[in-house]
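One letter stands for each residue in the lines below.
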Amino acid sequence: MPSDSDSNGVRVWLVERTYSDDEQNLIILTYATPDGERYFRKERALTSFTDVRDTTAAVDADPDNLGSVNDADLQEQYAAEAQRMREEHDPDDVI
């Protein structure tokens with residue numbers, strides 16, 4: 001099984017993709033560690049159809065940019081989804 005951290009940071013897996021309620025054309029990507037205890041959020045503006053930026057199954061995040069998941073139910077949900085993504089995809093698979 002691949003390592004969940006390396007010299008570039010902590011590997012986190014895509015667990016949630018939502019659209020912002022506050023701003024139009026903003027997508028929020030949430031990545032989490034396989035144990036669901038930490039998360040990394042990426043916000044992306046969808047400025048045009050020609051603005052192509054791939055969303056990958058995993059990213060390596062700086063540990064300083066990870067937040068803690070303090071809700072037990074959410075932690076369990078993130079852990080289950082992160083583990084599923086890790087089992088089914090390579091980190092650089094486009095999702």
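You'll find the structure just up there.
What you see is a predicted model; the values in this text were computed from it and never measured.

Enquirer: Can you lay out the overall build of the protein for me, pointing to particular residues and giving the numbers?
Expert: If you tally the helices and strands in the protein, you get 1 helix and 6 strands. Going from N to C terminus, the protein has its helices and strands arranged as β-β-β-β-β-β-α. A total of 95 residues make up the protein; the buried ones form 36% of that total. Across the protein, contacts joining residues at least 24 apart in sequence account for 57% of those joining residues at least 6 apart. Surface exposure of the protein reaches about 6,200 Å², of which carbon and sulfur atoms provide 41%.

Enquirer: Help me get a handle on the side chain of Thr55, residues and values and all.
Expert: Inspection of the secondary structure assignment puts Thr55 in the loop between strand S4 (38–45) and strand S5 (58–61). For Thr55, a relative accessible area of 9% translates into the label buried. In this view, Thr55 contacts Leu14, Arg17, Leu29, Tyr31, Arg44, Asp93, Val94 and Ile95; residues no more than four positions away in its chain are not counted.

Enquirer: Could you give me a rundown of the nonpolar core, with the residues and numbers involved?
Expert: Counting 19 residues, the largest nonpolar core has Val12, Trp13, Tyr31, Phe40 and Leu66 as the members making the most contacts within it. For this core, the secondary-structure elements that each account for two or more residues are strand S2 (9–19), strand S3 (26–32), S5 and helix H1 (72–88). The element contributing the most residues to this core is S2, with 5 residues.

Enquirer: Please give an account of the environment of Ser68 that cites residues and values.
Expert: Along the chain, Ser68 turns up in strand S6 (residues 67–68). Along the backbone, Ser68 and Tyr39 are 29 residues apart, and their C-alpha atoms lie at a distance of 6.4 Å. Apart from the residues lying within four places of it in its own chain, the contact partners of Ser68 are Glu37 and Tyr39.

Cut-offs applied
The residue numbers shown here count from 1 along each chain, following its written sequence. For this predicted model, a pLDDT threshold of at least 70 governs which residues receive local features, and a threshold of 80 or more governs which side-chain atom pairs are given and counted, while totals over whole chains, interfaces and linings are taken from all residues. Only hydrogens and water are set aside; all other atoms, that is, all heavy atoms of the structure, feed into the side-chain values. Secondary structure elements follow DSSP: runs of H or I of four or more residues count as helices, runs of E of two or more count as strands, with numbering from the N terminus. A 1.4 Å probe rolled over the protein chains alone gives each residue an accessible area, and that area as a share of the maximum for its type sets the label: buried under 20%, exposed over 50%, partly exposed in between. Residue contacts are counted whenever heavy atoms from the two residues lie within 4.5 Å of one another. Methods summary: accessible areas were calculated by the Shrake-Rupley approach with a probe of 1.4 Å, and residue burial reflects only the protein chains presented. Definition used in this section: a nonpolar core is a set of buried Ala, Val, Leu, Ile, Met, Phe, Trp, Tyr and Cys residues joined via side-chain atoms within 4.5 Å.

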